[in-house]
Amino acid sequence: MSWRDLDEGDVRVRPSRKGSRPRTKERPAHADAVVAMVIGVDRGRYTCLIPKGSLGRKEPERVVTAMKAREIGRTRVVVGDDVALVGDLAGGPDALARIVRIEERRSVLRRTADDTDPYERIIVANADQIVIVTALADPEPRPRMVDRCLVAAYDADLEPLLALTKADLVDPAPFLANYTPLEVEHVVTSHADDHFTGLEQLRARLSGKVSVLVGHSGVGKSTLVNGLVPGALRATGVVNDTTGRGRHTSTNAVALRLRGPDGADDGWVIDTPGIRSFGLAHIDVDRIIDHFPDLAAGTDGCPRGCTHDEEECALDAWVADGRAGAAGPSRLASLRRLLSSRAGEEH
């Protein structure tokens, strides 16, 4: 018989003497797993904090290093995640636990590389507040980046807070005027001659919350973190005189615990590496408009597919009739600025 006459029915398989057993798809439930918070990620190793009492009534909290178990697959584990751990939970230098499950996330802050990239990058999980750090000078402030961070905050249901640094160089009032209609809370800080102003006001805004700091390189994120968390020793850098941009000093995100005046736990601050771009390809436009309830009702009269920046947009008549209130014109201008940021347009 020629090989040309063979088909799959001619294949002969020698059966195992022990018989064949189909591979099960069931995975262990890991009911005894301990839940911990991811506070650092570095090259496939995850630094996790096990809360006090999780391993026994009198057991103190402990930091363990873990790696992802096979059942996690390619699901990304990020700083802020609550994860279930099994294995060696002793926390010694040679101990290595396994992450077998990611608990349900309360919030997720995402971005894309640009406005055409469909791949979402998760920055942090389970944060309550995003602190948008921008310098008033050296480097020059970039309102477009601030607007994009605001859009991401609204999409993730995070409370936004503007933290303006280097106020000793420039008056913050003109910059803040752009965000008055959005009713965004803000804190103004300066750090000159070893004298830090505004730091206590910022600490009060962070009290009891999980806050993630986001901003360009060189705007002062790590300087703020070092002031808020003594001993954090986050690397700080300088701004390039030629490009006007900062050099990346923080290379990975890390969660650091805040302490109150009495030394008690008082929230978390997550420092992130400086970002050069903040894509919003993953965000639906309607999500942005929902955060303008005084304008959202006016979109009912818009034609299908309206970008809310066209001549036939019903929002113009809604504002002109006074139905959006006295701040309607400035609120509409702010909404359209955010929508243009979502569309990737310069402004």
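Residues numbered from 1 in each chain as written. Predicted model: local features only at pLDDT ≥ 70, side-chain atom pairs only at ≥ 80, totals over all residues. Heavy atoms only, no water.

As recorded in an unreviewed UniProt entry, the protein goes by the name Small ribosomal subunit biogenesis GTPase RsgA, listed as coming from Terrabacter aeriphilus. What the UniProt record of the protein gives under Subcellular location (unreviewed entry) is the line "Cytoplasm". Heading Subunit (unreviewed entry) of the UniProt record for the protein holds this comment: "Monomer. Associates with 30S ribosomal subunit, binds 16S rRNA." (UniProt positions renumbered as here; feature names shortened; annotations may be inferred.)

Note on placement: Arg205 falls in helix 3 (residues 199–206). Separated by 74 residues in the primary sequence, Arg205 and Val131 have C-alpha atoms spaced 9.8 Å apart. Each residue touching Arg205, except ones within four places of it in the same chain, is listed here: Gln129, Leu161, Glu185, His186 and Val187. Here Glu185 takes part through its side chain, which lies 3.2 Å from a polar atom of the side chain of Arg205. (Helix = DSSP H or I, 4+ residues; strand = E, 2+ residues; numbered from the N terminus. Contact = heavy atoms within 4.5 Å. Polar contact = N/O pair within 3.5 Å; in protein donor to acceptor, adjacent residues only side chain to side chain.)

Right, let's get into the environment of Ala163. With respect to the helices and strands, Ala163 occurs in strand 9 (residues 159–165). Ala163 gets classed as buried once you look at its relative accessible area, which sits at 0%. On a C-alpha basis, the gap between Ala163 and His186 in space is 5.8 Å, while along the polypeptide they are 23 residues apart. Every residue in contact with Ala163, bar those within four places of it in the chain, is listed here: Val131, Ile132, Val133, Thr134, Val187 and Leu224. (Buried < 20%, exposed > 50% of the residue type's maximum accessible area, 1.4 Å probe, protein only.)

Another point: helix 1 (residues 143–155). Here helix 1 spans 18 Å end to end across 13 residues, near enough to the 18 Å set by a 1.5 Å rise per residue. With 11 of 13 residues buried, helix 1 is to be regarded as a mostly interior element. Along helix 1, the residues that are buried comprise Met145, Val146, Asp147, Arg148, Cys149, Leu150, Val151, Ala152, Ala153, Tyr154 and Asp155. Just downstream of helix 1 lies Asp157, where phi reads positive at about 60°. (Expected span 1.5 Å × (residues − 1).)

Glancing now at the packing of helix 1 against helix 8 (residues 328–342). As a packed pair, helix 1 and helix 8 sit with axes 9 Å apart at the nearest point and diverge in direction by 90°. Relative to helix 8, the element helix 1 is oriented roughly perpendicular. Residues Arg144, Asp147, Arg148, Leu150, Val151 and Tyr154 of helix 1 lie in contact with helix 8, whose contacting residues are Arg337, Leu338 and Ser341. Of the residues that constitute the contact of helix 1 with helix 8, the class distribution is four nonpolar, one polar and four charged. (Axes fitted to C-alpha atoms, helices over the stretch in contact; angles between N-to-C directions. Parallel < 35°, antiparallel > 145°, perpendicular 65-115°, else oblique. Nonpolar A, V, L, I, M, F, W, Y, C, P; charged D, E, K, R; others polar.)

This part covers the pattern of salt bridges. All told, the structure shown has 19 salt bridges when counted by the stated rule. Close ionic contact of Glu120 with Arg110 constitutes a salt bridge, the shortest N to O distance being 2.8 Å. With a gap of 10 residues between them, Glu120 in the loop between strand 6 (108–111) and strand 7 (121–125) and Arg110 in strand 6 connect regions that are remote in the sequence. Relative accessible area serves as the criterion here: at 28%, Arg110 is assigned to the partly exposed category. Residue Arg257 is joined to Asp265 by a salt bridge in which the shortest nitrogen-to-oxygen separation is 3.6 Å. Of the residues examined, Arg257 reaches a relative accessible area of 17% and is grouped as buried. (Salt bridge = Lys/Arg side-chain N within 4 Å of Asp/Glu carboxyl O.)

Counting buried positions along helix 4 (residues 221–228) yields six of eight residues, so the element is predominantly enclosed. Of all the positions in helix 4, only Lys221, Ser222, Leu224, Val225, Gly227 and Leu228 are classed as buried.

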